[in-house]
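Single-letter residue listing:
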Amino acid sequence: MRYLLLWHTDETELRERSPEWHEEIAAYLTRFEDELASTSELEWTEVLGPEGQALMVGPGPVVRDRDPGIEGRPLGRVWAVRAETRDRIVELASELAGELDAWIEVRETRPGSQRP
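This structure is a prediction, so every number in the text was calculated from the model and none was measured.

Time to look at the overall build of the protein chain. Tallying secondary structure elements over the protein chain gives three helices and six strands in all. Relative to its full complement of 116 residues, the protein chain shows a buried share of 28%.

Side chains of E20, E23, E24, D34, E35, E95 and E99 sit close together on the surface and give a patch of like negative charge. Going through the elements one at a time, α2 (19–38) and α3 (86–100) are the ones with two or more residues in the negative patch. With five residues, α2 is the largest single contributor of residues to the negative patch. For E23, a relative accessible area of 60% translates into the label exposed.

Attention now goes to the sheet that holds strand β1 (residues 2–8). Here we have four strands laid out as an open sheet, ordered β2-β5-β1-β6, and antiparallel in their pairing. Each edge of the sheet is formed by a strand with only one pairing partner; in this case those strands are β2 (42–47) and β6 (104–108). Strand-to-strand twist across the sheet, computed as the mean angle between neighbouring axes with direction ignored, equals 15°. With five bridges connecting them, β1 and β6 associate as antiparallel partners. In the strand pairing of β6, L4 is matched with R107. Lying on the sheet, α2 is in contact with β1, β2 and β5 (75–82); it crosses β5 at an angle near 20°.

Cut-off values and rules
Along each chain, residue indices are assigned from 1 in the same order as the chain's sequence is written. Only residues with pLDDT of at least 70 are given local features in this predicted model, and only at 80 or more are side-chain atom pairs given and counted; all residues enter the totals for whole chains, interfaces and linings. Note: side-chain values were computed over all heavy atoms of the structure, leaving out hydrogens and water. Strands here mean DSSP runs of E at least two residues long; helices mean DSSP runs of H or I at least four residues long; both are numbered from the N terminus. Burial status follows relative accessibility: with a 1.4 Å probe on protein chains alone, a residue under 20% of its type maximum counts as buried, one over 50% as exposed, and anything between as partly exposed. Residues forming no salt bridge and having over 30% relative accessible area are the ones grouped into patches, like charges within 9 Å of each other and nonpolar side chains (Val, Leu, Ile, Met, Phe, Trp, Tyr) within 5 Å. All accessibility values rest on the Shrake-Rupley procedure with a 1.4 Å probe; residue burial counts only the protein chains present in the view. Each reported salt bridge corresponds to a side-chain nitrogen of Lys or Arg within 4 Å of a carboxyl oxygen of Asp or Glu. A residue counts as positive if it is Lys or Arg and as negative if it is Asp or Glu; His and the chain ends are not included. Lys charges are placed at NZ, Arg charges at CZ, Asp charges at CG and Glu charges at CD. We call two strands paired when DSSP finds no fewer than two bridges between them. In this analysis an axis means a line fitted to C-alpha atoms, helices contributing only their contacting stretch, and an angle means the value between N-to-C directions, from 0 to 180 degrees. By definition, residues are in contact when any of their heavy atoms lie within 4.5 Å.

Honestly, that's just the spatial picture; any functional story needs more than this.
What follows is the structure, given as structure tokens:
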């Protein structure tokens, strides 16, 4: 099964963290992603730009800046992971949550949703 691990965070929260925290997290994420790649569980990962650069697009097309009133934190990073069991993906999400001191959203992708 393919899952997405989603880390929601915002620019303000990240700015409040110490330089040491940023260094530790960068080293941890490098190890985490390398380990998943070595077991062929990691398909891809993306670090998203700051929410201040995000656009909201509606019908018409109507384009506006991201609405800060949208409930919740914006998405900051995504991992596409292939895991054999739900227990494995919960294990990975729990590890990320503990290291990042954040909740990690887990979403199963639909079979056949990846198109060339």
